[in-house]
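# Chains, contacts and geometry: an overview
Chain by chain, the residues run as shown.
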Amino acid sequence: MSTIEAKSYNSLTYSPKTIARAKRGLFCSPFKIHLLAKMRHQSVPINAIASNLGVENGYTRHAVSELAADNALGWLIQVGVLRREVDGQGITDSFRLTPLGSQLVEQYANSDWQPSIGEVFYNGLNQWLRWPF
């Protein structure tokens with residue numbers, strides 16, 4: 001099992017399958033490292049990610065609809081990379097990285113984010129069937 005150190009004094013342990021699934025989901029997403037790096041420090045609302053504004057902000061590779069952005073963000077929540085921001089009123093439309101997501105972004109910030117065809121197929125199949133494993 002891999003151990004990932006969180007910013008707090010606790011250490012979190014994730015299985016290699018969990019780390020591989022999260023990494024694959026992250027690499028196959030339409031999002032750029034700039035968005036994920038920003039999510040390490042503050043929440044980002046979906047309206048800043050969707051449509052042409054996402055491209056202008058450097059968050060996405062190409063313009064994505066709000067529905068497509070929400071689906072991609074939802075998948076990253078399901079594989080453990082992101083979480084929805086919560087305020088006093090309840091769940092908001094903003095997102096932040098989880099400790100696992102933060103570790104992955106830190107680890108792969110300077111690497112090539114191009115997944116293989118097999119990874120794209122496997123991630124797409126799991127996302128379509130909604131199997132997070």
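What this report covers is the structure whose coordinates are included nearby.

So, how was this worked out
- Residues numbered from 1 in each chain as written.
- Predicted model: local features only at pLDDT ≥ 70, side-chain atom pairs only at ≥ 80, totals over all residues.
- Heavy atoms only, no water.
- Salt bridge = Lys/Arg side-chain N within 4 Å of Asp/Glu carboxyl O.
- Helix = DSSP H or I, 4+ residues; strand = E, 2+ residues; numbered from the N terminus.
- Buried < 20%, exposed > 50% of the residue type's maximum accessible area, 1.4 Å probe, protein only.
- Pairing = 2+ DSSP bridges.
- Phe/Tyr/Trp six-rings, centres within 6.5 Å; stacked < 30°, edge-to-face > 60°.
- Contact = heavy atoms within 4.5 Å.
- Axes fitted to C-alpha atoms, helices over the stretch in contact; angles between N-to-C directions.

## So, the pattern of salt bridges
A full pass over the atoms with the stated rule returns three salt bridges. The partner of Glu106 in a salt bridge is Arg40, with the nearest N and O atoms 3.1 Å apart. One end of the pair, Glu106, is in helix H5 (residues 99-108); the other, Arg40, is in helix H2 (residues 33-41), with 66 residues separating them in the sequence. With relative accessibility at 45%, the residue Glu106 sits in the partly exposed group. On the accessibility criterion, Arg40 (26% relative accessible area) is partly exposed.

## Some remarks on the pairing of strand S5 (residues 90-97)
Where strand S3 (residues 44-45) lies against S5, two bridges are found, and the strand directions are antiparallel. Counted as the bridge partner of Pro45 is Ser94 from S5. Two elements, strand S4 (residues 82-87) and S5, share five bridges in a ladder whose sense is antiparallel. Within S5, the residue paired with Asp87 across the bridge is Gly90.

## With respect to the packing of aromatic side chains
In this structure the tally under the stated criterion is one aromatic pair. Geometrically, the ring pair formed by Phe27 and Tyr108 is edge-to-face, given 5.3 Å between the ring centres and 90° between the ring planes. Within this pair, whereas Phe27 is found in helix H1 (residues 16-27), its partner Tyr108 is found in helix H5, the two being separated by 81 residues in sequence. Residue Phe27 is classed as buried on the basis of its relative accessible area, which comes to 8%.

## With respect to the sheet that holds S5
Judged by pairing direction, the sheet is antiparallel, and its three strands sit side by side in the order S3-S5-S4 without closing on themselves. Pairing within the sheet leaves two strands with one partner each, and these edge strands are S3 and S4. Set on the sheet, helix H4 (residues 66-78) makes contact with S4 and S5; between it and S4 the angle comes to about 100°.

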